[in-house]
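Examining the three-dimensional arrangement
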Amino acid sequence: MTHHQKRVIGQRLARIDGLGKVTGRAGYAADIVLPGMLFGRIFRSTVPHALIRRLDVSRALSLPGVRAVVTAADLPNARYGQAVKDTPVLATDRVQFVGHPVAAIAATSLEIAEAALSAIEVEYEPLPAVFDPEQALAPDSVLIHPQWQSYDALPVLARERNVSSRASMRLGDVERAFAEAYRVYEHHFTTQIVHAGYTEPRVAVARWDGASLTVWCNTQLPFDIQQTLAGVLEMPAANIRVQVPGIGGGFGGKLRVGVEHFAAVLARKAGRPVKVMSSSEEELIAANPRQPAKVSVKSGVTRDGIILAKQGRVLVDTGAFAGSGPGTAAIALQILAGPYRTPNLLLESIAVYTNKVPTGSFRAPSGPIGNFALEQHMDRIAEDLGIDPLELRLRNVISEGDLGPAGEPLTSVSIRECLQRAADAIGWSDRRPARGRGKGLACGWWMTTGGSSGVFVKLTPEGRVVLTSGAVELGTAALTGAAQILAEELTLDLDDVTISGVDTQTSPFDYGAQGSRTMFSVGNACRKAAEDLRAQIFALAAKHFGVAPETLSLADKHVVSGNHRLSLAEVGQIAQASGGGLIARGVTNSPPAPHDPARVKNHPLPVWNTPTFHAHAVDLSVDEGTGEITINRYVVAQDVGFAVNPTYIEGQIEGGVAQGLGQAMSEEIVYRDGHVLNANLTDYKMPTAVDVPRIESILVECPSRDGPYGAKGVGEPPCIEPPAAIANAVAAATGIWIDSLPITAEKIALGQRKRAS
Amino acid sequence: MSKATVELLINGERHSVDVEHHWTLLYVLRNVLGLTGTKENCLEAECGVCTVLLDGAAVASCILLALQCVGRSITTIEGLAHGDQLHPLQQAFIEHGSVQCGYCIPGMILTAKSYLDENPGPHTDSEIREGLAGTLCRCTGYQKIVDAVAQVARERQP
């Protein structure tokens, strides 16, 4: 149905849920209050690695107002985990990081629950701890999970001792290519732990009604929470209802179970509803931040800078549990390959346990990790060869029809256009306009995560529609975009679409608000549902007009039959009076593209669905005395396929770059001897309004084959390139290469001093 | 724990409330009065999502005791619009696409109102950014928020 003029899609319409959000009426999980509700707090380990010798909660339980205390002894012996089921709800015989949950308390007030925490008695027998991922790899390293072999895990993973996965990609013969290369370059990089930084902490309210459990929470993946709870509670998922009233940011940090399981087990034991909300300190010591990593990359090139071979290794430190680490580490291989033709490849990733915070999927999980390494590596090669960094990239980037690293054919390839437009916009020809001022660029590629989505669309007697999706509106306006598509397909206005809330009991399944997929997948499902609804509408109208359904069309909220018109409101009324109204269903899925299995080993995600391409360019100045960076301009050229709503795509770019700049320059969860030193929002430095420059967005539209109207995923990519772009611009301004994140003023100043001396 | 019955003036309405002495204004707004438009996060005045206006000035309600607010005028996000008539900042936030997840937005709008009321302007973008720096937003990168505030600031100029 693309023959009519686009009225709703492509327009800068205001988001559907804006009014509620500016008036304070929008609901969030944190706002849920139930009659008789108790408040839960978590008792956490204060040591990084130890056996629990004694745990006595009796004194806490006897305090007035305390209604329940739960320890591992109260729970089934079940573990959960995305790739490896290695995580108990509460510590069993051992603690594996500072912050490890040991017991949970529910009381009539938060103050009482807090006070009761200090009445819990625990004795630990310390074990040697390991904090460095390289040390954790050593054959004589202490084992963080002595029972690792007993865990259920994805069959594709190669696990051993502290390694939760090892993946590789291989093509050609790198050794021979290195031997034949004009030059071979090798660089090493480290990246830090960063937190997603959502402003609404993870929160859940749980209530039991007999054997049924209802949880209100701010998860990105209600169906995943439902399954995880079913696993750890050993009960049918059908008896677990997860509702998401609203969510104050996620960015991947709220994909997996956070506090829902604590609320559930406390509520069951107390026989009353329980609310558990993380504190800022708990967020920073025990949530799911982005993994820190060590990356090595080695390239052999010709005299002209053509890449002949690349070898790389990514060591991802997942902390105490594997979390998203196996997938994150594996995906880093595609990032390291980059949007470059590389005839010989040998890439390996390792995810390893340490006694630190368990990690998860923060926006474009290994994107910034691998891209910081690869794109700085490219600039350093360019510098040494005396080739302009843009030119070096343009000589190597992939083109339409090239094969990706797993041998998959690539289509809708726009990396060249992204690079050129970003470079043109920043004024690339004048790369060092003044002393202490320089320009840098970085480019990359990412996926539009596939997975299935279903929607229901109900026609009302006013001729409006209600869209029911199992996808959470994270804040991206993805569902406004999907609603624009639905409105377009049904000749409605956006105002005619109402979006109902997410409830695992009534919403169709959705793979979830993650991976830059929500608008893409829900939008596709909406197109299918519109097709179904049109067929139902035409069948009904055909009877009304006494004509064949094929003769009918839809225009301006009416069914048209020759000179006769029937409004959708009338159709809705007839449908309700005659047969229970009209409900349409639309489903979509993105099957993985074919690839060459010989190229990949133990990789859970060898091929990317609908890849996207992007380039960032920055113009910055560095203070010669302090090393402080001032960003003069920041440009993003991102291929979005088709801009369903340019305003909110810009919003994704602006917000993603801000997060990327946080990782590039200021954010880090700092550890010393297994303890976090900066577990508060003053010392964990997220960018404020004065720290973020104006972002100039260029929306490149190279339509995809599979997205609605050609759209591609948008949300994650903007945070991928900022660290590399900043590093490259700092080098252009100062000549100093910073190979570890964050790129602080201190590191630059030290580099300047070292060079001066 | 000792309790007191106090009168709080919130959004122009008088509320008689039993409060424990240590209760913060944020706690009373959200858990006693059901005014959940004021948001809760760090509880240490670091993030700004709990910002309300106290006699017109932006304050962090998470570190302010309810007892300290007796005899003063409190404005929360629920009190900003007049019926269906949105405050110009609310309208501008919608029009500029300044809202994403929305969790910081009540605090951000009240921070902006306090800033504009205290600083007649004209304003540069960097002055507006300074004015908003106490409230964290993790979604937007601030740009469309700054644009919305700048537009309202311009409209206020004679």
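Procedures and definitions
Residues numbered from 1 in each chain as written. Chains lettered and ligands numbered in written order. Predicted model: local features only at pLDDT ≥ 70, side-chain atom pairs only at ≥ 80, totals over all residues. Heavy atoms only, no water. pLDDT = per-residue confidence, 0-100. Helix = DSSP H or I, 4+ residues; strand = E, 2+ residues; numbered from the N terminus. Buried < 20%, exposed > 50% of the residue type's maximum accessible area, 1.4 Å probe, protein only. Contact = heavy atoms within 4.5 Å. Buried area = accessible area lost by both parts, 1.4 Å probe. Salt bridge = Lys/Arg side-chain N within 4 Å of Asp/Glu carboxyl O. Polar contact = N/O pair within 3.5 Å; in protein donor to acceptor, adjacent residues only side chain to side chain. Nonpolar A, V, L, I, M, F, W, Y, C, P; charged D, E, K, R; others polar. Axes fitted to C-alpha atoms, helices over the stretch in contact; angles between N-to-C directions. Parallel < 35°, antiparallel > 145°, perpendicular 65-115°, else oblique. Left-handed = near helix turned anticlockwise from the far one by under 90°. 1 Å grid on protein atoms, 1.4 Å probe; cavity = no way out; pocket = protein on both sides within 12 Å on 5 of 7 lines; lining within 4 Å. Points joined across faces, edges and corners; volume = space filled by probe spheres on them. Patch = residues over 30% accessible without salt bridge, like charges linked within 9 Å, V, L, I, M, F, W, Y side chains within 5 Å. Areas by Shrake-Rupley, 256 points an atom, 1.4 Å probe, with all protein chains shown as cover. Pairing = 2+ DSSP bridges.

**A word on the confidence of the model for chain B**
Per-residue pLDDT for chain B has a mean of 96; in total, 99% of the residues score no lower than 70. This complex was scored by the predictor with a pTM of 0.98 and an ipTM of 0.98.

**Quick notes on unusual backbone geometry**
A cis geometry characterises the amide bond from Leu741 of chain A onward to Pro742 of chain A, with omega recorded as -5°. Following the sequence through the fold, Pro742 of chain A ends up in the loop between α17 (722-734) and α18 (745-756). In this chain, Gly121 of chain B is followed by Pro122 of chain B through a cis amide linkage whose omega measures 5°. Checked against the element boundaries, Pro122 of chain B lands in the loop between α3 (105-118) and α4 (125-132). Despite not being glycine, Glu234 of chain A has its phi angle at roughly 50°, a positive value. On the basis of relative accessible area, Glu234 of chain A is assigned to the exposed category, the value being 57%. The phi dihedral of Leu43 of chain B is positive, around 60°, even though this residue is not glycine.

**A word on the interface of chain A and chain B**
Contacts between the two partners involve 52 residues from chain A and, on the opposite side, 44 residues from chain B. Each partner contributes to the roughly 4000 Å² buried at the junction of chain A and chain B, and carbon and sulfur atoms together form 55% of this total. At the boundary of chain A with chain B, the tally comes to seven salt bridges. With its nearest N and O atoms 2.6 Å apart, the salt bridge here joins Arg694 of chain A to Asp147 of chain B. Here chain A is connected to chain B by 29 residue pairs in polar contact (both at pLDDT 80 or more). Contributions of two or more residues to the side of chain A that touches chain B are made by α1 (18-23) and α16 (646-666) of chain A. Taken together, the residues of the side of chain A that touches chain B sort by class into 25 nonpolar, 18 polar and nine charged.

**With respect to the packing of helix α13 (residues 478-489) of chain A against helix α14 (residues 518-545) of chain A**
Residues and elements named next belong to chain A. Where α13 contacts α14, the axes come no closer than 8 Å and their chain directions differ by 25°. On the basis of their axis angle, the class for α13 and α14 is roughly parallel. Helix-helix and strand crossings are classified by hand; for α13 and α14 the assignment is right-handed. Every residue of α14 that contacts α13 at Ala478, Leu479, Gly481, Ala482, Ile485, Leu486 and Glu489 is listed here: Thr518, Met519, Val522, Gly523, Cys526, Arg527, Ala530 and Arg534. Classifying every residue of the contact of α13 with α14 gives nine nonpolar, three polar and three charged.

**Comments concerning the layout of surface pockets**
Looking at the second largest pocket, its volume works out to about 840 Å³. Listed by contribution, the elements that provide at least two residues to the lining of the second largest pocket are β29 (629-639), α16 and α18 of chain A together with α4 of chain B. Looking at the lining of the second largest pocket, its residues break down into 16 nonpolar, 10 polar and 11 charged.

**Section: a nonpolar patch on the surface**
Residues and elements named next belong to chain B. A contiguous nonpolar patch, built from Leu65, Leu67 and Val70 and spanning about 200 Å² of accessible area, is present on the exposed surface. Counting through the fold element by element, Leu67 comes out in the loop between β4 (57-60) and β5 (73-75). You can call Leu67 partly exposed: its relative accessible area is 31%.

**A look at the packing of α16 of chain A against α17 of chain A**
When two helices pack together, their arrangement is given by the angle between their axes and by how far apart the axes lie. Residue and element names in this part refer to chain A. Direction vectors running N to C along α16 and α17 enclose 55°, while the axes themselves pass 8 Å from each other. Between α16 and α17, the interaxial angle falls into the category oblique. Along this stretch, α16 crosses α17, giving a crossing that reads as right-handed. Every residue of α17 that contacts α16 at Val657, Gly660, Leu661, Gln663, Ala664 and Met665 is listed here: Pro722, Pro723 and Ile726. A breakdown of the residues in the contact of α16 with α17 according to their chemical character gives seven nonpolar, two polar and no charged.

**Examining the pairing of strand β26 (residues 582-588) of chain A**
Two faces, one strand: in a regular strand the side chains alternate between the faces of the sheet. Residue and element names in this part refer to chain A. Of the two faces of β26, only the one carrying Leu582, Ala584, Gly586 and Thr588 is buried; Ile583, Arg585 and Val587 on the other face are not. Two elements, strand β19 (residues 453-459) and β26, share seven bridges in a ladder whose sense is antiparallel. When the sheet's bridge partners are listed, Ser453 is paired in β26 with Thr588.

**Quick word on the sheet that holds strand β2 (residues 50-56) of chain A**
Residues and elements named next belong to chain A. If you trace the three strands from one edge of the open sheet to the other, you get β6-β2-β8, paired in antiparallel fashion. Because the sheet does not close on itself, it has two edges, and the strands there are β6 (94-95) and β8 (121-126). Two strands pair when backbone bridges link them, and β2 and β8 are joined in this way by six bridges, in the antiparallel orientation. Across the sheet, Ile52 pairs through a bridge with Tyr124, a residue of β8.

**What to know about the sheet that holds strand β11 (residues 203-209) of chain A**
All names here are of chain A. In spatial order, the strands read β3-β7-β1-β14-β11-β12-β13-β22; together these eight strands make up an open sheet with mixed pairing. Looking at the sheet topology across the chains shown, the edges are occupied by β3 (66-71) and β22 (502-503). Summarising the sheet, β11 and strand β12 (residues 212-217) pair through six bridges and their orientation is antiparallel. Note that in β12 the partner of Ala206 across the bridge is Val215. Packing of helix α3 (residues 110-117) onto the sheet brings it into contact with β1 (38-44), β3 and β7 (101-107), and relative to β1 it is tilted by some 25°. Sheet contacts for helix α6 (residues 222-233): β11, β12, β13 (240-244) and β22; angle to β13, the most-contacted strand, approximately 145°.

**Here we look at the side chain of Thr491 of chain A**
Residue and element names in this part refer to chain A. Its place among the elements puts Thr491 in the loop between α13 and β21 (497-499). Overall, the relative accessible area of 8% leaves Thr491 in the buried class. Among the polar contacts listed, one links the side chain of Thr491 to the backbone nitrogen of Lys557, at a separation of 2.8 Å. Residues within four places of Thr491 in sequence aside, it is in contact with Arg7, Leu554, Ala555, Asp556, Lys557 and His558.

**As for empty space enclosed by the protein**
A full pass over the atoms with the stated rule returns four cavities of 30 Å³ or more. Empty space within the largest cavity amounts to approximately 110 Å³. For the lining of the largest cavity, a count of residues per class yields seven nonpolar, five polar and one charged. Of the voids in this model, the second largest cavity is the one considered here, and its volume is about 70 Å³. Contributing to the lining of the second largest cavity are 13 residues, with Met686 and Pro687 of chain A together with Cys137, Arg138 and Tyr142 of chain B lying nearest its centre. Taken together, the residues of the lining of the second largest cavity break down into seven nonpolar, five polar and one charged.

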